[in-house]
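Geometric and topological summary
This is what each chain is made of:
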Amino acid sequence: MSSTDFEDITEQLHTIADYCRYGASLFNQAELFYGHGNDNALSEAFTLVMFAISLPKEMSEDVMNCRLLKQEKQDILAFFQQRVDTQKPVAYITNLAYFAKLPFYVDERVLVPRSPIAELIEKYFEPYFSEKNPPQKILDLCTGSGCIAIACASYFPEAEVDAVDLSLDALDVAQMNIENHGFSAQVMPIQSDVFSGVVGQRYDLIVTNPPYVDQEDIDSLPTEFTHEPEMGLGCGDDGLDIVRVILAESAQHLNDDGILICEVGNSQYHVEALYPEVDFTWLSFERGGHGVFMLNKAQLEKHAKLFTGAVIAE
């Protein structure tokens, strides 16, 4: 859109609702992809509009009829143009994403938080734990922005949480979020190649959203995903290079009653094909999501030879 286009639009559109509708139409015409917090064009436009005018999204519907100032209109249109021209996820434009009802700073050094694990945290990982029976020590493996670690610290205020990642760039973002949420004394960011940085440590809960996208899906991802760090998405032909290591080594980092919760998304098919003997507990979600399994320490030890063999055979 040129400056002339901006002028024409701002003279014709006046309310928050006008700009939400216009943005949705613009995004649909551009055939954008929605998979980073919103699932449709109208929600995407609404997110950008409310961010531009510094209002929360949880407002009365009456606010939709409020008229906008000229500068506000121009700011909104600039965001719309950036979304269409760059095809960046909205979270990278606003540097803001929500996870487990908490706000997080994000940029292109980390994935945009969107894991269904958020729902598990909000429910205190029941039935494995509860608000009255919390885990005392938690490991967030492949922490990225730190969203899982920080959300765990928020819902389990007495727990010690280690947030590990191989990427120093990701850990810089995680550190920023840890400080923003005031959890510097509770959440420890650690550079680690899977478990290499936590040798000898044991946890009640290991929760992980590792890279798991297989090569076929990597090759067909929409443009929006190309703005995310590739090392946070793909992980070998079947997407399970890191998952194999997690399964082989988690038992030695769990306390006796400890559990592993791991997200593998669409690679659930590959997990089940690779380990047909293993009785994975696949978790369900009220808000949508799939491909998250639970194994306890006893199960991990029972299949230790199988898991170790899969790593050696890789």
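The shown structure was predicted, so the numbers you read here are calculated from the model rather than taken from an experiment.

On inspection of all chains with the given rule, the structure shows 12 aromatic pairs. Aromatic pair Tyr275 and Phe307: ring centres 5.1 Å apart, planes at 75°, arrangement edge-to-face. Taken together, the residues span a long stretch of sequence, with Tyr275 in the loop between α11 (268-274) and β8 (281-282) and Phe307 in helix α13 (residues 304-313) at a distance of 32 residues. Judged by relative accessible area, which is 2%, Tyr275 ranks as buried. Owing to a relative accessible area of 0%, Phe307 belongs among the buried residues under this scheme. Ring centres 5.5 Å apart and planes at 80° place the aromatic pair Trp282 and Phe293 in the edge-to-face group. Here Trp282 is found in strand β8, whereas its partner Phe293 is found in strand β9 (residues 292-296), with 11 residues between them in sequence.

Time to look at the pairing of strand β4 (residues 160-165). For β4, a buried count of five out of six residues is recorded, marking the element as mostly surrounded by other parts of the structure. Bridge count for strand β3 (residues 137-141) against β4 is five bridges, and the pairing is parallel. Across the sheet, Ile138 pairs through a bridge with Val161, a residue of β4. The β-α-β motif built from β3, the intervening helix α7 (residues 147-155) and the parallel element β4 has right-handed crossover chirality.

A few words on the sheet that holds strand β5 (residues 187-191). If you trace the seven strands from one edge of the open sheet to the other, you get β5-β4-β3-β6-β7-β9-β8, paired in mixed fashion. Strand pairing shows two members of the sheet lacking a second neighbour, β5 and β8, which therefore form its edges. Pairing analysis gives five bridges linking β4 to β5, with the strands arranged parallel. Bridging across to β5, Ala163 finds its partner in Pro189. Against the sheet, helix α8 (residues 168-180) contacts β4 and β5, and its axis sits at roughly 170° relative to β5.

Counting residues in each nonpolar core, the largest one holds 35 residues, and the members touching the most others are Phe99, Ile121, Phe125, Val207 and Ile261. Among the elements that make up this core, the one with the highest residue count is α7 (eight residues). Leaving out residues up to four positions away in the same chain, Phe125 has contacts with Leu120, Cys152, Phe156, Leu205, Val207 and Ile261. Ranked by size, the runner-up nonpolar core spans 30 residues in total, among them Ile190, Ile206, Tyr275 and Phe307.

Moving on, we come to a nonpolar patch on the surface. On the surface, Phe51, Leu96 and Tyr98 cluster together into a nonpolar patch covering about 280 Å² of accessible area. Note on placement: Phe51 falls in helix α3 (residues 41-52). Overall, the relative accessible area of 34% leaves Phe51 in the partly exposed class.

Here is what the cut-offs are and how they apply
Residues numbered from 1 in each chain as written. Predicted model: local features only at pLDDT ≥ 70, side-chain atom pairs only at ≥ 80, totals over all residues. Heavy atoms only, no water. Phe/Tyr/Trp six-rings, centres within 6.5 Å; stacked < 30°, edge-to-face > 60°. Helix = DSSP H or I, 4+ residues; strand = E, 2+ residues; numbered from the N terminus. Buried < 20%, exposed > 50% of the residue type's maximum accessible area, 1.4 Å probe, protein only. Pairing = 2+ DSSP bridges. Right-handed = clockwise from strand over helix to strand, strands pointing away. Contact = heavy atoms within 4.5 Å. Axes fitted to C-alpha atoms, helices over the stretch in contact; angles between N-to-C directions. Core = buried A, V, L, I, M, F, W, Y, C linked by side-chain atoms within 4.5 Å. Patch = residues over 30% accessible without salt bridge, like charges linked within 9 Å, V, L, I, M, F, W, Y side chains within 5 Å. Areas by Shrake-Rupley, 256 points an atom, 1.4 Å probe, with all protein chains shown as cover. Salt bridge = Lys/Arg side-chain N within 4 Å of Asp/Glu carboxyl O.

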